[in-house]
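So you can see what is in the structure, the chains are spelled out below.
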Amino acid sequence: MQTKTSLPGQVDECGDWLRIGHLKLKSRLLLGTSGYPSPHVMLESLAASASQLVTVAIRRINLADHGEESFLDLLQSLPIELLPNTAGCYTAREAVLVAEMAREALETNLIKLEVIGDDETLMPDVEQLLKAASELIRSGFTVMAYTSDDPITCRKLSDMGCAAVMPLASPIGSGMGIVNPYNLELIRTLLPETTLIVDAGIGTASDATRAMELGYDGILLNTAVSKAKHPVQMAAAMRNAVIAGRMARLAGRIPQRFYAQASSSMEGRIEVTSKE
């Protein structure tokens, strides 16, 4: 009698959960909510992605706006968790203030921390990021920190108690994919117990799969879906890509070899003798 084998992608059966603070998530794909052609397309994309944790930029919404047409009320009506972020902040002081506003308005300690250095690259300002992370953690926030792919910075964020460290694959909105797989793999090796999520730069499904194969715990993306030609279809593709990458990582890939290696044994070959 053949017994049923649970697959890693079947999280209900094997318990392969993504844990962030108090959250226990089935989906390892986190999605943004900005830049969609319409609210309807956004809602369909969120459903297709099966994401259970979606980001919302606090500085870009009106927290006091409520009603049937309210963007915030629309999101809060969904069976998902909201992850407020500090997008648009350039100093630790700004980021802390925005986080405190989000906690009061949304009644959550979750925060995606972004502190940007300039308008051209949108790269993180590491000095201000570390300062803001330290202050928010002391204030009881569950901090998910967006950062550069610098292993030292990632280790500092992990050591101070960030719930998730989120190095970029490439600049925000660039769609360039993983430009430095060496650093991302090094970060995973140095921080084996830290929840690591690739955030920013993912362009297509293969990028997401590759990041998961490197051992990352999840993917956070926005533009790759919201600006795709067919956002809903891309959201479904990203969902499957994350699952495939996670399953491949857990399955364990074969070693890479410079030369070929026969998959069948060379023993027992039929030898043909030449008549010449």
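This one's a predicted model, so the numbers in the text were calculated from it and none came from an experiment. (Residues numbered from 1 in each chain as written. Predicted model: local features only at pLDDT ≥ 70, side-chain atom pairs only at ≥ 80, totals over all residues. Heavy atoms only, no water.)

Peer 1: Tell me what's going on with the overall build of the chain, and back it up with residues and numbers.
Peer 2: Counting its regular elements, the chain contains ten helices and ten strands. Each of the 276 residues in the chain was classed as buried or not, and the buried ones make up 46%. In the chain, the share of contacts with a sequence separation of at least 24, taken over all contacts with a separation of at least 6, comes to 63%. (Helix = DSSP H or I, 4+ residues; strand = E, 2+ residues; numbered from the N terminus. Buried < 20%, exposed > 50% of the residue type's maximum accessible area, 1.4 Å probe, protein only. Contact = heavy atoms within 4.5 Å.)

Peer 1: Describe the confidence of the model for the chain, with residues and values.
Peer 2: For the chain, per-residue confidence averages 89 on the pLDDT scale, and residues scoring 70 or more make up 87% of the total. For the chain, per-element mean pLDDT is lowest for helix α1 (residues 11-14), which scores 46, and highest for strand β8 (residues 164-167), which scores 98. Counting contacts from residues 1-13, a segment whose pLDDT is below 50, to residues more than four positions away or on other chains yields 17 contacts. (pLDDT = per-residue confidence, 0-100.)

Peer 1: Could you give an account of the side chain of aspartate 207, with specific residues and numbers?
Peer 2: Of note, aspartate 207 is situated in helix α8 (residues 205-213). Of the side chains with opposite charge, arginine 210 comes closest to the buried, unpaired aspartate 207, at an N-O distance of 8.7 Å. Aside from chain neighbours lying at most four places away, what touches aspartate 207 is Gly177, Ile178 and Ile202. (Lys, Arg positive; Asp, Glu negative; His and termini not counted. Salt bridge = Lys/Arg side-chain N within 4 Å of Asp/Glu carboxyl O.)

Peer 1: Could you give me a rundown of the environment of proline 151, with the residues and numbers involved?
Peer 2: Summarising the element assignment, proline 151 is placed in helix α6 (residues 151-160). Judged by relative accessible area, proline 151 falls into the buried class, the value being 11%. The spatial distance from the C-alpha of proline 151 to the C-alpha of isoleucine 187 is 5.2 Å, given a sequence separation of 36 residues. Contacts of proline 151, omitting those with residues within four sequence positions, involve Asn183, Leu186, Ile187 and Leu190.

Peer 1: Quick one: what's the story with the nonpolar core, residue by residue and with numbers?
Peer 2: Of all hydrophobic cores here, the largest spans 61 residues; its most connected members are Leu113, Ile219, Leu221 and Met238. The element that contributes the greatest number of residues to this core is helix α4 (residues 92-106), accounting for seven residues. Not counting the four nearest positions on each side in its chain, leucine 113 is found in contact with Thr86, Ala95, Leu129, Ala132, Ala133, Leu136, Val143, Met144, Ala145 and Tyr146. In terms of nonpolar packing, the next biggest core, distinct from the first, is built from 13 residues, Leu83, Leu110, Met166 and Leu220 among them. (Core = buried A, V, L, I, M, F, W, Y, C linked by side-chain atoms within 4.5 Å.)

Peer 1: Give me helix α7 (residues 181-190): which residues, what numbers.
Peer 2: Along an α-helix, residues three or four apart share an orientation, since each turn contains 3.6 residues. Taken together, the buried positions of α7 are occupied by Asn183, Leu184, Ile187 and Arg188. In an axial view of α7, the angular spread of the buried residues amounts to 140 degrees, which keeps them on one side of the axis. Of the exposed residues in α7, the ones pointing more than 90 degrees away from its buried face are Tyr182 and Thr189. Close packing links the buried residues of α7 with α6, β8, β9 (197-199) and α10 (231-251). (Arc of directions from axis to C-beta.)

Peer 1: Which residues make up the environment of arginine 93, and what are the values?
Peer 2: By the element assignment, arginine 93 lies in helix α4. Among the residues examined, arginine 93 registers a relative accessible area of 76% and is labelled exposed. Counting along the chain gives 22 residues from arginine 93 to valine 115, while the straight-line C-alpha distance between them is 9.8 Å.

Peer 1: Could you give an account of the packing of aromatic side chains, with specific residues and numbers?
Peer 2: A complete count under the given rule lists one aromatic pair for this structure. An angle of 85 degrees between the planes, with centres 5.0 Å apart, marks the rings of phenylalanine 258 and tyrosine 259 as edge-to-face. Tyrosine 259 sits in the exposed class, given a relative accessible area of 66%. The ring of tryptophan 17 has lysine 24 lying over it, and the distance from NZ or CZ to the ring centre is 4.6 Å. The ring of phenylalanine 141 carries the charged tip of arginine 103 above its face, separated from the ring centre by 3.9 Å. (Phe/Tyr/Trp six-rings, centres within 6.5 Å; stacked < 30°, edge-to-face > 60°. Lys NZ or Arg CZ within 6 Å of the ring centre and 35° of its normal.)

Peer 1: Can you break down the pattern of salt bridges residue by residue, with the values?
Peer 2: The full count for this structure, using the stated rule, is five salt bridges. Note that aspartate 217 and arginine 188 form a salt bridge whose closest N and O atoms lie 3.0 Å from each other. Placement of the pair is aspartate 217 in the loop between α8 and β10 (218-221) and arginine 188 in helix α7, with a sequence separation of 29 residues. Here aspartate 217 and arginine 188 have matching classes, each one buried. Here the residues in one salt-bridge network are Asp16, Arg28 and Arg246, joined through shared partners.

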